[in-house]
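# Tertiary structure, described
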Amino acid sequence: MKKKQIVVIGLGRFGSSVCRELYKLGHEVMAIDKDAENVEPLIGYSSQASVADATDKTQLNNLGVRNFDQAIVAIGDDLQASVLCTLMLKEIGLSSVWVKARDLQHKKILEKVGADRVIQPEYEMGIRVAHHIDSENIVDYIDLSKDYSIVEMAATEKIAGKSLIQLEIRVKFNCIILALKRGEDVNIAPHADDVVNEGDVLVVMGHRNDLKRLEEKRL
Ligand code: ATP
């Protein structure tokens, strides 16, 4: 795994959770918040935790932010600060800036000022939860675009013992099986003659409508 240098700005619930997890995964993470009270809990759970106003370009430069691979801006409530900070980071020259948005309007502004990816945690999580509820065998769900998604589906006893080719997922549903998970093992290049066990998880990519048809079939 390539170790990345990531700066996380805004240490509310979302930002601090991103920061802790990236640090746990072995990345170099700098945590920044304007409020010392929010910075303190990240000491020991980040490579460096600093108090700074992320809308101030001089302060960002003094912290050496330009040397980082990626930034996550997790300022939710203060729209102006979130937009200004994103703009500063792009001006400084960060190639990848991901920003948390409160709503669709916020998202549109962030895209205009150059955010590379905009995340709406509550909205995105709501969709995931709905898909879990809608389809009992859906384990996880990721949107690739407006039309395409990746879903993780738990295999039921209905298809246990069948090989991937026998399932005819590509022929009948126009979807691609990217991986087959069995417990901790992940087979990332499954063969057509690999046999599925009950409880295996199929990682499938396709058009939303095709995936929906596949989900309804309840594999
Ligand atoms: P949560 O992730 O808890 O839902 P939130 O969306 O409510 O957070 P805020 O509380 O608005 O987001 O902001 C998250 C953090 O960003 C706060 O800890 C706040 O101190 C910090 N923050 C806000 N403005 C700035 C700024 N200009 N520079 C650095 N940090 C900032």
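Residues numbered from 1 in each chain as written. Predicted model: local features only at pLDDT ≥ 70, side-chain atom pairs only at ≥ 80, totals over all residues. Heavy atoms only, no water.

### Some points on the overall build of the protein chain
We count it as follows: Per the convention used, a helix needs a DSSP run of H or I reaching at least four residues, while a strand needs a run of E reaching at least two, with both numbered from the N terminus. Only protein chains enter the accessibility calculation, which uses a 1.4 Å probe; a residue whose area is less than 20% of its type maximum is buried, one above 50% is exposed, and one in between is partly exposed. Computed with a 1.4 Å probe, the accessible areas rest on the Shrake-Rupley method; for each residue, only the protein chains presented here act as cover. For the charge count, each Lys or Arg is scored as positive and each Asp or Glu as negative, with His and the chain ends excluded. The atoms used to mark charge sites are NZ of Lys, CZ of Arg, CG of Asp and CD of Glu.
Helices and strands together make up the secondary structure of the protein chain, namely 9 helices and 11 strands. Overall, the protein chain is about 60 × 35 × 30 Å in size when its C-alpha atoms are taken along their principal axes. Considering the protein chain as a whole, with its 219 residues, one finds that 41% of them fall into the buried category. Accessible surface, the protein chain: about 12400 Å² in total, of which carbon and sulfur atoms supply 51%. Charged side chains of the protein chain number 29 positive and 34 negative; the gap between the two group centres comes to 4 Å.

### Some remarks on the domain arrangement of the protein chain
Heads up, the rule is: An automatic or database domain assignment provides the domain bounds reported here.
Domain annotation for the protein chain reports domain 1 (5-119) and domain 2 (124-216). Relative to domain 2, the C-alpha centre of domain 1 lies at a distance of 34 Å.

### Structural notes on the sheet that holds strand E5 (residues 96-100)
Formally: If DSSP finds at least two bridges between two strands, the strands pair. All axes here are fitted lines through C-alpha atoms, helices being fitted over the stretch that makes contact, and every angle between N-to-C directions spans 0 to 180 degrees. Residue contacts are defined here by distance: any two heavy atoms, one from each residue, within 4.5 Å place the two residues in contact.
Pairing is parallel in the open sheet, where 6 strands are placed in the order E3-E2-E1-E4-E5-E6. In the strand order of this sheet, the two ends are held by strand E3 (48-51) and strand E6 (117-119), each with one partner. Each strand axis lies, on average, 15° off the axis of its neighbour in the sheet, ignoring direction. Pairing analysis gives 3 bridges linking E5 to E6, with the strands arranged parallel. Bridging across to E6, Val99 finds its partner in Val118. Against the sheet, helix H1 (residues 13-24) contacts strand E1 (5-9), strand E2 (28-33), strand E4 (70-73), E5 and E6, and its axis sits at roughly 160° relative to E1. With respect to the sheet, helix H4 (residues 79-92) is in contact with E1, E4 and E5, its orientation differing from that of E5 by roughly 175°.

### Observations regarding the pairing of strand E7 (residues 138-143)
As paired strands, E7 and strand E8 (residues 148-154) are joined by 5 bridges and run antiparallel to one another. The residue of E8 that forms the bridge with Tyr141 is Val151. Counting the residues between successive antiparallel strands, the hairpin from E7 to E8 contains 4 residues.

### Quick notes on the packing of aromatic side chains
What counts here: Planes of paired rings set the category: under 30 degrees apart is stacked, over 60 is edge-to-face and the rest tilted, where pairs are Phe, Tyr or Trp rings (Trp by its six-membered ring) whose centres lie within 6.5 Å. To sit over a ring, a charge needs its Lys NZ or Arg CZ within 6 Å of the ring centre and within 35 degrees of the ring normal.
All chains considered together, the criterion is met by 0 aromatic pairs. Over the face of the ring belonging to Tyr45 we find Arg20, whose NZ or CZ atom lies 4.5 Å from the ring centre.

### With respect to the site of the ligand
The following threshold applies: Here a residue counts as near a molecule or strand whenever at least one of its heavy atoms sits within 4 Å of it. Under the rule applied, a polar contact is a pair of N or O atoms within 3.5 Å (in protein, one hydrogen donor and one hydrogen acceptor; residues adjacent in sequence only if both atoms are side-chain atoms). Residues were grouped as follows: Ala, Val, Leu, Ile, Met, Phe, Trp, Tyr, Cys and Pro as nonpolar; Asp, Glu, Lys and Arg as charged; and all remaining residues, including Gly, as polar.
In the neighbourhood of the ligand, 19 residues make up the surrounding shell, with Arg13, Phe14, Asp33, Asn38 and Lys100 lying closest. In the environment of the ligand, a nitrogen atom lies 2.9 Å from a nitrogen or oxygen atom belonging to the side chain of Asp53. Ala54 is positioned with one of its backbone polar atoms (N or O) 2.9 Å from a nitrogen atom of the ligand. Out of a free accessible area of 640 Å², the ligand has 85% covered by protein chains. Among the residues forming the shell around the ligand, the class breakdown is 7 nonpolar, 5 polar and 7 charged.

### Side note on a nonpolar patch on the surface
Quick note on the threshold: Like-charged residues are merged into a patch within 9 Å and nonpolar side chains (Val, Leu, Ile, Met, Phe, Trp, Tyr) within 5 Å, provided each residue has over 30% relative accessible area and no salt bridge. We define a salt bridge as a contact between a side-chain nitrogen of Lys or Arg and a carboxyl oxygen of Asp or Glu at a distance within 4 Å.
Residues Met125, Val129 and Ile133 make up a contiguous nonpolar surface patch of roughly 310 Å² in combined accessible area. Positionally, Val129 belongs in helix H6 (residues 121-134).

### Notes on helix H9 (residues 208-217)
Quick reminder of the rule: As used here, the arc belongs to the directions running from the helix axis to the C-beta atoms.
For H9, the set of buried residues is Asp210, Leu211, Leu214 and Glu215. For H9, the angular spread of the buried residues around the axis is 140°, confining them to a single face. Exposed side of H9, more than 90 degrees from the buried face: Asn209 and Glu216 are the residues found there. Looking at the buried residues of H9, the elements they touch are H6, E7, E8, helix H8 (169-173) and strand E11 (201-207).

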